[in-house]
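A closer look at the structure
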Amino acid sequence: MISLESMIRRLVQFILDHQKRLIQISLLLLIPCAIASATLRVNNTITTWFLETDPNLKSYYDFQKVFGNDEVVAVAVRDTRTVFNTETMEKISRVSTRIGKLEHVRRVLSITTATAIEGREGTVSVHPVLEGVEKIDSSAVDEVRRLLVDDPIWRGNILSEDLKTTLIIIQMQSVQDIDAARAVALEQIRAVLHEELTAKGVPVAIGGIGVIYDALNQITVTEGALLICLSYLLIIGSMFLILRHWKFAALGLWLVYYTATLTMGLYAMTGRSLNMVTIILPSLILVIAIADFVHVVVHFYHSGPIPEEKEARYQTVIDRVSQVAIPCLYTSLTTATGFLALTTSPISLVRDLGLFGGVGVTLAWPVTLLVASILLHRMDPVRDFRPNKPDGWMQRLLGWICAQILNRRALVTALTLGVTLFFAAGIGRIVVDTYTIGYFADSHPVPRDHRFIAENFGFYLPVELTVRTGNEGGFKEPALLRKLEGLEQTLLAENDISKVVSILDFSRRMHQALRDGKQEEYRLPETRAEAAQELLLYRMDRDATFDEYMTSDYAFTRLSGRMEMMSVRPGKELMERLEGRLQDIFKGDGEVAFAGYLPLYVKIIDYLVESQIQSFSLAVFFIFGPMYLLFRSLKLTLISVIPNVLPIVILLGAMGWSGIPLDVATVTIAAIVLGVAVDDTIHFLHGFKRRHDKGMGSRQATEQVILSTGKAVVTTTMLLFFGFIVMVVSSIKPVAYFGFLS
């Protein structure tokens, strides 16, 4: 049976014998991948977090099919006097008209486009507040004020309590490529707002879930390019400083570029888009792919003199490269396993990071073998290879570390145990949470505008509730309308919900209008005949919004509220607190469910916990399994667990003590770090076992491996540090946390 080392020797020999052809093939593979990776788009909508088969996502799409896109853009306009003045209303009217004509906008609701319900001589009219008005003058302003201010539908919906701030609510069309449509629409909306309001000194703020997604998309594009460039610069700079030869730096740069381009090309060819999590993928591939190259180069030069003649160097390259390629293969497999463990996550973008991170790391090994073998065969030997110098800083550092570990084992063990216990205590303090608007720096326009709207208007984030009965015409029954009213009151009893709009509002207004607008008649009808008549009258009017709140069979309805912008954890607590009470109100008469954005948002917290447990458990199992196959020793495998689990304990403990939450980015760290950390262990134990098998004692074998393999370990650790630390410059907090912790 052919051994693994024999197979790798043959592979290296094949590479050296067919150098030109392999270089040509590799370039041909690069071209389509480079083209594909250049076409990558960015998509940060919440739907990208979920698998297409996820029932929660299906419910979200079903809701949109019935009631339209729940994604709205909220534009706050403030006038320190009152928004009911001629100048401000003229501006709002022009803005509403222009935005309403944009391609991807379904509807614009403002104080100039709202509808009024009035009773006129025994009949009811549903009409725009500016119906028949050609010019907005003081009388038109007074009329709009009369129609809106005392109407409960609009107060707290588009009008603040002090009447100094109004919202322009822009509902987006439901289109297949909402991300592209949103970007175009928001650019056009901002242009209109600037021309009509901002440029004329009117305070304006823009908010909403879509605004957050669009801002994340823009940051992902700009910072993705920045992170990649910085990673390249740091890798080539640190490679040159450590190895002190420009050819090593240049070839290392080519290696990581080639591997990253192949990976991202495959990523693009599968139809995927980048997002705030997978944007770190290129940088991850860059920093991890260089590790094997460093180990090969350092081992090649450390193993003895290098022949000058290429023919003699041919066999030397085969011997030395194939020897170090074995632990490099296992480190690639274990690192890839750390990534691939993430593919069990129920979060789609975490799966993508895991799958293509694993693909990239796996590709890095053959690419390293190809580039390093050809380089070391063709390049003239470096005579003053810095890591080999006995008086170099690296050798002195390794010698000191070795002496401390071997001569003060009790102290080192005690310190290690103390550090472990300290950070282990911090693990219990980890909070599982994510806050979309909290991804941004406080100075970013998105949180700044959010604060403006929240302070001057109040809550504006939609919260949706649907109720389905089993009977056609069910909501013509006054008893069910009163149960809907019970849902409304239950929602409004929460401090986090400030307004609820539903078919009830229009039913009460119709009932009032048919009775001469008397204040005491603002109530629900008492008989089925009244309810059916009033709802039908409202539905028949061309200016009504009946279809936005009720299906034509009167069996499925929606309550749309306004809630405070919050992180996932309090959102989940809010839903859990309400669900039982809401279901009890409609027990036996219908099915009540939260719908739209909120259920998807709060589901993330369950998926984060599930991802952490599954991915880390699988990573441990699949990483230490191959290590046993490599060492064929249960003792060495068990020993390897300690130095690899310890960094994870420190990492998670640091998150707990520092208050960094477990979110969609940091949930990937444990599995990835384990896959990366185990690389050094494999190289160390492989070198130790090889020397021990040759008859060396444990102490001597340990000293030898620290002074030899330790050079590559220190070098790769420094490269990984610089590669990861680059990410702290990101203004997306989870990405910065990921880089800092990794």
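Please refer to the structure higher up on the page.
All of these numbers come straight from a predicted model, not from anything done at the bench.

**Some points on the overall build of the chain**
Looking only at helices and strands, one finds 23 helices and ten strands in the chain. Here the C-alpha coordinates of the chain stretch approximately 105 × 50 × 45 Å along the principal axes. Looking at the chain as a whole, 56% of its 742 residues qualify as buried. Accessible surface computed for the chain: about 31200 Å², of which carbon and sulfur atoms make up 58%. Averaged over its 71 positive side-chain charges, the chain has a centre that lies 10 Å from the centre of its 75 negative ones.

**What to know about the pattern of salt bridges**
Enumeration over the complete set of coordinates arrives at 33 salt bridges. The residue Arg98 makes a salt bridge to Glu195 at a minimum N-O spacing of 3.0 Å. Highlighted residues: Arg98 in helix 4 (residues 86-100) and Glu195 in helix 6 (residues 178-196), separated in sequence by 97 residues. Given a relative accessible area of 32%, Arg98 falls into the partly exposed group. For Glu195, a relative accessible area of 43% gives the class partly exposed. In this structure, Lys587 engages Asp584 in a salt bridge whose closest nitrogen and oxygen atoms are separated by 3.5 Å.

**Section: the sheet that holds strand 7 (residues 461-468)**
An order of 8-9-7-10 is seen for the four strands of this open sheet, with the pairing classed as antiparallel. Whereas interior strands pair on both sides, the edge strands pair on one side only; in this sheet they are strand 8 (497-501) and strand 10 (591-595). Strand-to-strand twist in this sheet, taken as the mean axis angle between neighbours without regard to direction, amounts to 25°. As judged from the five bridges shared by strand 7 and strand 10, these two strands associate in the antiparallel manner. Looking at strand 10, one finds that Val467 is bridged to Val592.

**Some thoughts on the packing of helix 4 against helix 6**
Axis angle and axis distance: for two packed helices, these are the angle between their axes and the distance between the axes, and together they describe the pair. With their axes 10 Å apart at the nearest point, helix 4 and helix 6 run at an angle of 160° to one another. Between helix 4 and helix 6, the angle is such that the two are roughly antiparallel. In this structure, helix 4 meets helix 6 at a crossing whose hand is right-handed. In this structure, helix 4 uses Lys91, Arg94, Val95, Arg98 and Ile99 to contact helix 6, whose residues at the interface are Ile189, Val192, Leu193, Glu195 and Glu196. Residue classes in the contact of helix 4 with helix 6 are distributed as five nonpolar, no polar and five charged.

**Quick word on the environment of Leu600**
Within the element layout of this structure, Leu600 appears in helix 19 (residues 597-631). Classification of Leu600 as buried rests on a relative accessible area of 1%. On a C-alpha basis, the gap between Leu600 and Ser502 in space is 22 Å, while along the polypeptide they are 98 residues apart.

**Things to note about the side chain of Glu548**
Within the secondary structure, Glu548 sits in the loop between helix 17 (528-540) and strand 9 (556-563). A distance of 3.3 Å separates the side chain of Glu548 from the side chain of Arg107, its partner in a polar contact. Apart from residues lying up to four places away in sequence, Glu548 is in contact with Phe67, Arg106, Arg107, Gln171 and Arg558.

Definitions and cut-offs
Residues numbered from 1 in each chain as written. Predicted model: local features only at pLDDT ≥ 70, side-chain atom pairs only at ≥ 80, totals over all residues. Heavy atoms only, no water. Helix = DSSP H or I, 4+ residues; strand = E, 2+ residues; numbered from the N terminus. Buried < 20%, exposed > 50% of the residue type's maximum accessible area, 1.4 Å probe, protein only. Areas by Shrake-Rupley, 256 points an atom, 1.4 Å probe, with all protein chains shown as cover. Lys, Arg positive; Asp, Glu negative; His and termini not counted. Charge placed at Lys NZ, Arg CZ, Asp CG, Glu CD. Salt bridge = Lys/Arg side-chain N within 4 Å of Asp/Glu carboxyl O. Pairing = 2+ DSSP bridges. Axes fitted to C-alpha atoms, helices over the stretch in contact; angles between N-to-C directions. Parallel < 35°, antiparallel > 145°, perpendicular 65-115°, else oblique. Left-handed = near helix turned anticlockwise from the far one by under 90°. Contact = heavy atoms within 4.5 Å. Nonpolar A, V, L, I, M, F, W, Y, C, P; charged D, E, K, R; others polar. Polar contact = N/O pair within 3.5 Å; in protein donor to acceptor, adjacent residues only side chain to side chain.

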